[in-house]
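Inside the fold
These are the residues of each chain, in order.
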Amino acid sequence: MKQLQNRIAESGLTLPVAAFTGVVVWLLSGLLSHSLWIQLGCFALTVYLLVELSNQNALLRVRSRMVSASFIVLTCTACFLLPSLDAGVMQLAFVLAMLMLLQTYQDPTAAGLTFYGFLALGVGSLFFVQTFYYVPLLWLLMATQLQSLSLRTWLASLIGLATPYWLSLLWLVYQQDFQPLLDHFTGLAEAPSNLPQLGEAGLTAFPGAAASPNWGRLEGAATWLFTLVLTIGGIVHFWQRSFEDKIRIRLLYGGFATLAVVSLLLAALFYQHFDVYMRLSFVFASPLIAHAVTFTHSRLSNILFFVVLALAFAITVMNLILMY
């Protein structure tokens with residue numbers, strides 16, 4: 001029997017209500033006062049592309065916008081990260097890449113789609129060079145989950161990653177200054193941040209940072225733990241009920257689970273880049289959370305659904321207060 005949570009998950013009003021709530025949070029987070037229009041544009045495009053990703057790949061067996069709604073709710077809990085342009089660009093880049101790469105399922109000849117997928121990541125890496133940390137993992141997922149890795153698609157991925165740098169190199173040759181490129185790649189050698197300094201690196205440019213010496217510690221810990229618990233719950237639920245989905249969907253969700261867990265671990269280890277890794281984890285965790293909300297229908301799951309919503313609201317309000 002369907003519970004209220006299931007009716008909400010399948011309702012056509014869910015995404016508009018979540019979107020309206022997201023806009024309110026953006027306004028309260030400094031959209032107007034800090035001119036966060038580019039960041040909002042990246043966020044809006046990411047939400048739309050997640051709808052397309054869910055539809056194209058039938059991530060949910062019913063008509064639902066829960067993947068995008070879950071993404072909006074998670075992003076709102078991390079409202080203190082909204083001013084990060086790098087994080088917004090990287091979310092958009094990874095969703096674009098997934099739109100391309102998921103279409104290569106069991107097609108080792110899909111060099112074109114692979115090229116465009118990794119081209120999106122290459123452009124993203126211009127903003128955040130640590131994108132390259134994900135590349136070996138994506139190759140592994142192409143081999144095991146998508147079953148599309150071949151010499152042809154591997155070479156296409158390398159060309160896609162390199163293309164933005166070839167174009168950038170033309171400008172550097174014209175300027176006769178290669179130091180910016182060298183400085184860019186030194187970021188790959190960064191060591192994990194010192195945990196006692198949480199909140200002191202990487203977040204000080206955001207609103208409210210100067211107002212509190214502890215800014216970023218409580219906010220980051222609460223959001224990270226909340227996302228981790230939901231991600232683990234989503235993974236456990238999916239693998240308990242995975243027999244209800246097609247093999248292709250099981251493999252795709254295995255990829256989402258891997259990328260979500262890796263992103264959360266990187267967020268904990270490299271706190272200086274907490275904004276990017278944390279918001280990437282929202283992209284990968286959203287399908288897992290959406291699946292659990294849509295396809296659990298016990299009285300306990302219904303209660304837990306509203307508990308989670310209440311916690312998300314409380315964390316969002318707390319983080320908004322701590323920003324000012």
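Residues numbered from 1 in each chain as written. Predicted model: local features only at pLDDT ≥ 70, side-chain atom pairs only at ≥ 80, totals over all residues. Heavy atoms only, no water.

A look at the side chain of Arg279
With respect to the helices and strands, the residue Arg279 is situated in helix 12 (residues 274–295). Aside from chain neighbours lying at most four places away, what touches Arg279 is Leu81, Leu82, Ser84, Ala87, Gly88 and Gln91. (Helix = DSSP H or I, 4+ residues; strand = E, 2+ residues; numbered from the N terminus. Contact = heavy atoms within 4.5 Å.)

Examining the confidence of the model for the chain
Residues shown with low pLDDT carry predicted positions that ought not to be read at fine detail. When pLDDT is averaged along the chain, the result is 89, and 92% of the positions lie at 70 or above. Across residues 195–215, confidence stays below pLDDT 50; counting only partners more than four residues off in sequence or on other chains, it has 37 contacts. (pLDDT = per-residue confidence, 0-100.)

Quick word on the environment of Ser263
Positionally, Ser263 belongs in helix 11 (residues 247–269). With near-sequence residues (within four places) excluded, Ser263 lies in contact with Tyr134, Tyr277, Leu280, Ser281 and Phe284.

Some words on the packing of helix 2 (residues 14–28) against helix 4 (residues 66–77)
Running from N to C, helix 2 and helix 4 point in directions that differ by 20 degrees, and their axes come no closer than 9 Å. One element, helix 2, and the other, helix 4, form an angle in the roughly parallel class. The hand of the helix 2/helix 4 crossing is left-handed. Of helix 4, the residues touching helix 2 (which contributes Thr14, Leu15, Ala18, Ala19, Thr21, Gly22 and Val25) are Met66, Ser68, Ala69, Ile72 and Cys76. When its residues are assigned to classes, the contact of helix 2 with helix 4 shows eight nonpolar, four polar and no charged. (Axes fitted to C-alpha atoms, helices over the stretch in contact; angles between N-to-C directions. Parallel < 35°, antiparallel > 145°, perpendicular 65-115°, else oblique. Left-handed = near helix turned anticlockwise from the far one by under 90°. Nonpolar A, V, L, I, M, F, W, Y, C, P; charged D, E, K, R; others polar.)

Some thoughts on the pattern of salt bridges
Taken as a whole and judged by the stated rule, the model has three salt bridges. Across the salt bridge formed by Arg61 and Asp245, the nearest N and O atoms sit 3.0 Å from each other. In this pair, Arg61 is assigned in the loop between helix 3 (37–57) and helix 4 and Asp245 in the loop between helix 10 (217–241) and helix 11, connecting sequence segments 184 residues apart. Exposure remark for Asp245: the relative accessible area of 6% places this residue in the buried category. (Salt bridge = Lys/Arg side-chain N within 4 Å of Asp/Glu carboxyl O. Buried < 20%, exposed > 50% of the residue type's maximum accessible area, 1.4 Å probe, protein only.)

Brief notes about helix 3
Compared with the 30 Å implied by 1.5 Å per residue over 21 residues, the 30 Å span of helix 3 between its first and last C-alpha is a close match. Of the positions making up helix 3, those classed as buried are Gln39, Leu40, Cys42, Phe43, Thr46, Val47, Leu49, Leu50, Val51, Leu53, Ser54 and Asn57. For helix 3, the elements touching its buried residues are helix 2, helix 4, helix 5 (85–101) and helix 11. Ala58 occupies a position one or two residues after helix 3 and carries a positive phi of about 50 degrees. (Expected span 1.5 Å × (residues − 1).)

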